[in-house]
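Working through the structure, step by step
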Amino acid sequence: MKSNKFLLEILAIVLVLSVIPALVRQQYILHVIMLAMIFGIVASNWNLAIGYGGMFHLAQVPFFAAGGYSTAILSVHMGLSPLIGILVGGVAAVILSLIIGIPALRVRGIYLVFLTFAFHFIMLSLVLYFVDITGGDMGLILEPIRIGATNIDMFNPVVTYYTALSLFVLSLVFIKTIIDSKIGLALVSLRDSEVYAVSRGINPYKIKLVTFVLSSFLAGVCGAFYVHYLRVVTPALFDWSFLITFLASIVIGGVGTLYGPLLGAFILTFLMESLRFLEMFRNIVFGLLMILILIFMPKGLIMLANRAQSIFSSRQNSAGIVDEEN
Amino acid sequence: MSQKKKPILVAEGVSKFFGRMAAVKDLSFQVFEEEIYGIAGPNGAGKTTLFNIISHVLPVDNGQIMFKDKYIHKLSLDSIFRLGLARTFQIPALFKSLTVRQNVQVGATFGDPEKGVKMDKRDMENLIDETLDFTGLSAKRDIIAEELALMDRKLLMMASALVTKPMVLMLDEPIAGLGKVDSDQVMELIRNINKQGVTVLLIEHIMEALMGLSERVMIMHHGEKICEGKPDKVAKDESVIEAYLGEEYIRHKNQ
Ligand SMILES: Nc1ncnc2c1ncn2[C@@H]1O[C@H](COP(=O)(O)OP(=O)(O)O)[C@@H](O)[C@H]1O
Ligand SMILES: [Mg+2]
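None of the values given here were measured: they were computed from a predicted structure.

1. A few points about the environment of I202 of chain A
Inspection of the secondary structure puts I202 of chain A in the loop between α9 (194–199) and α10 (204–230). With relative accessibility at 0%, the residue I202 of chain A sits in the buried group. When the C-alpha positions of I202 of chain A and L187 of chain A are compared, they lie 9.3 Å apart, and in sequence the two are 15 residues distant. Excluding residues within four positions of it along the chain, I202 of chain A makes contact with A186, S189, L190, A197 and I207 of chain A together with D78, V106 and F110 of chain B.

2. Comments concerning the interface of chain B and chain A
The interface is formed by 26 residues belonging to chain B together with 17 residues belonging to chain A. Between chain B and chain A lies a buried interface of about 1800 Å² when both sides are counted; carbon and sulfur atoms form 68% of it. Here chain B is connected to chain A by zero salt bridges. On inspection of chain B and its partner chain A, the count reaches eight residue pairs in polar contact (both at pLDDT 80 or more). Listing elements by their share of the side of chain B that touches chain A, those giving two or more residues are α2 (77–83), α3 (100–110) and α5 (150–162) of chain B. A total of seven residues in the side of chain B that touches chain A trace back to one element, the largest contributor, which is α3 of chain B. Counted by class, the side of chain B that touches chain A contains 13 nonpolar, nine polar and four charged residues.

3. Quick word on the packing of aromatic side chains
All names here are of chain A. What the rule picks out here adds up to 20 aromatic pairs over all chains. Where F39 meets F246, the ring centres are 5.8 Å apart and the plane angle is 70 degrees; that geometry is what we call edge-to-face. Note that F39 is positioned in helix α2 (residues 27–52) and F246 in helix α11 (residues 240–253), a separation of 207 residues in sequence. The exposure class of F246 is buried, given its relative accessible area of 0%. Look at Y226 and F242: their rings are 5.6 Å apart centre to centre, the planes differ by 90 degrees, and that puts the pair in the edge-to-face class. Of the two residues, Y226 sits in helix α10 while F242 sits in helix α11, which places them 16 residues apart along the sequence. The rings of F39, F64, Y226, F242 and F246 are connected pair by pair, giving a single aromatic cluster.

4. Overview of a nonpolar patch on the surface
All names here are of chain A. On the surface, M280, F281, I284, L288, I291, L292, I295 and F296 cluster together into a nonpolar patch covering about 930 Å² of accessible area. Structurally, F296 can be placed in helix α13 (residues 282–296). Take F296: its relative accessible area is 65%, and that puts it in the exposed class.

5. What to know about the coordination of the magnesium ion (ligand 2)
Residue and element names in this part refer to chain B. Note on the magnesium ion (ligand 2): its protein donors are T48 (OG1) and Q90 (OE1). The metal-donor distances range over 2.0 to 2.1 Å. Here the residue T48 occupies a position in helix α1 (residues 47–54), and Q90 occupies one in the loop between β6 (85–87) and α3, the gap between them amounting to 42 residues. Take T48: its relative accessible area is 25%, and that puts it in the partly exposed class.

6. Quick word on the confidence of the model for chain A
Confidence in the prediction for chain A averages 87 pLDDT; 91% of positions are at 70 or higher. Mean pLDDT across the secondary structure elements of chain A bottoms out at helix α14 (residues 302–316) of chain A, with 71, and peaks at α9 of chain A, with 96.

7. Brief notes about the sheet that holds strand β4 (residues 62–67) of chain B
All names here are of chain B. Read across the open sheet, the four strands follow the order β2-β1-β4-β5; overall the sheet is antiparallel. The open sheet terminates on both sides in strands that have one partner only, identified here as β2 (21–32) and β5 (70–71). Judged from the eight bridges that link them, strand β1 (residues 7–18) and β2 form a sheet pairing that is antiparallel. In the sheet register, K16 faces β2, and the bridge partner there is V24. The strands touched by α1 are β1, β2 and β4; relative to β2, the strand with the most contacts, the crossing angle is about 70 degrees.

8. Brief notes about the sheet that holds strand β9 (residues 216–221) of chain B
All names here are of chain B. Spatially, the six strands line up as an open sheet ordered β6-β7-β8-β3-β9-β10, and their pairing is mixed. Lying at the two open borders of the sheet, with one neighbouring strand each, are β6 and β10 (224–229). Strand-to-strand, the axes of this sheet are offset by a mean angle of 20 degrees, without reference to chain direction. Bridging between strand β3 (residues 36–40) and strand β8 (residues 199–203) involves four bridges; their strand directions are parallel. By the bridge assignment for β8, I39 is matched with I203.

9. Side note on the pattern of salt bridges
Residues and elements named next belong to chain A. Across all of its chains, the model carries 15 salt bridges over all chains by this definition. When the shortest N-O distance is used, the salt bridge between K5 and E9 registers 3.5 Å. A residue pair is termed a helical-turn pair when its members lie 3 or 4 positions apart in one helix, as K5 and E9 do in helix α1 (residues 2–23) at four residues.

Procedures and definitions
- Residues numbered from 1 in each chain as written.
- Chains lettered and ligands numbered in written order.
- Predicted model: local features only at pLDDT ≥ 70, side-chain atom pairs only at ≥ 80, totals over all residues.
- Heavy atoms only, no water.
- Helix = DSSP H or I, 4+ residues; strand = E, 2+ residues; numbered from the N terminus.
- Buried < 20%, exposed > 50% of the residue type's maximum accessible area, 1.4 Å probe, protein only.
- Contact = heavy atoms within 4.5 Å.
- Buried area = accessible area lost by both parts, 1.4 Å probe.
- Salt bridge = Lys/Arg side-chain N within 4 Å of Asp/Glu carboxyl O.
- Polar contact = N/O pair within 3.5 Å; in protein donor to acceptor, adjacent residues only side chain to side chain.
- Nonpolar A, V, L, I, M, F, W, Y, C, P; charged D, E, K, R; others polar.
- Phe/Tyr/Trp six-rings, centres within 6.5 Å; stacked < 30°, edge-to-face > 60°.
- Patch = residues over 30% accessible without salt bridge, like charges linked within 9 Å, V, L, I, M, F, W, Y side chains within 5 Å.
- Areas by Shrake-Rupley, 256 points an atom, 1.4 Å probe, with all protein chains shown as cover.
- Donors = N, O, S within 2.8 Å, 3.2 Å for Na, K, Ca; no water.
- pLDDT = per-residue confidence, 0-100.
- Pairing = 2+ DSSP bridges.
- Axes fitted to C-alpha atoms, helices over the stretch in contact; angles between N-to-C directions.

Written out as structure tokens, the structure is:
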């Protein structure tokens, strides 16, 4: 029953998102949707740790940046192809997550925030220091990839769009699988009551580390994808605006929900684009939006969709229980 | 029942300090296989702290704890549980966003009911269903745990332990706060648990319940054991009456 429902939801999402390029001719709109998908993936993987596991950390931007820089460095210095480069980005993020996670997840609460925060700056400093490799302030420019004699641009807009869509669907299935697994059960238990969860046999360190590592992979993949898409990597990859975008996507869409962060990312990315004229004040608007949602709708905007759905389905059967999972 | 008198849980000179205060002080006792061992004492006597150091919610400062011929005081809370030593909490704990059934599933999944042998999915589901039946929670299986009343929270906390087929179950005030009907039901449940061969350590404030259920009782005061023995003997002990039972219990008895 449940997995059927999920299958239908995935199909609906794929259907809608894959016909869009045929209907919408403006390149710009496709660009924004694609960014929304990529940011949504990063946010919803972060949400695994924050929302489902209740472990707040600030390593998601470093994961994203690790993916971006590793793929850029390898493709500029060694001519790595984008498709392999994207995978390499994920692997780089996983390695980083192990380096951060093994020591940092032994501490809890606010210390985890501080430690991951420190890591952000350590990484940024390293990037700025090793100018020969990273290009320092100026960053690196990625040339279109040559395959054979021809000069094929592997990332033409259509290919790019559908690559992002594939990652988007992959991420959804990935997260849903984790949530429904033993790890998901353990994560929610730890979030609800850590001592009780451990007293029922859960090894908290193991579960947190596994989740941390799992949730880094697609963030790295997306960082790599993003860099290939822009064809440039600069220290701007460490910019606060990424942190704010990912976090606000989770909060506005719905903390600890499957679709919330994705919805949040779409809303935010479109707002971000349409509020460009506000410049600096844009972040104020996002901040206010987050506060309003936290006060009036702590479960996020996705609750509206759930409520609508439960009203709809309660007409058919009288069991109007709101599905907490989505 | 405890003819064999084989100890399953042994504490040797255990202490726990909070700052300079000894919440548990040089305490030794043995619990035998398949008995119900009651623990009582005034508020702040150190009963809950004793459970906390046995289960390793808190590290023990001095002394040793042995479970089934194995020292466990250096093991972690989760591994002690997987060995078959389970506990409940005085303030009911629960996984509030999970259903009643999922709460029990957590124990079944991480508690190693078959002791090292991996269970297949069907067997585990059956085990969960049996446990829900046994604790009287079947009808509420799909309710989100947050919505449960006190009685059901207490039952659920026991169910998530029982589902792992523990050898020893430590209950911290399972009856306190319940009305007469619910109290009787929980007492009956504790008897049934014990009948299945589970050794029970029972902390309880309600003296009739404790004295009625336990084969032996230990009375604690200021972190120390002041008396131990059969309930009727302990109830008559001078130091116990002075320290704890006091007039209230005697008044109660004479009613
Ligand atoms: N985590 C703790 N930190 C500091 N003091 C504690 C802690 N837990 C218990 N205590 C103190 O230890 C003493 C024993 O408490 P407790 O074991 O809860 O008693 P009981 O369960 O017998 O009522 C009390 O004085 C209590 O205040
Ligand atoms: Mg207590």
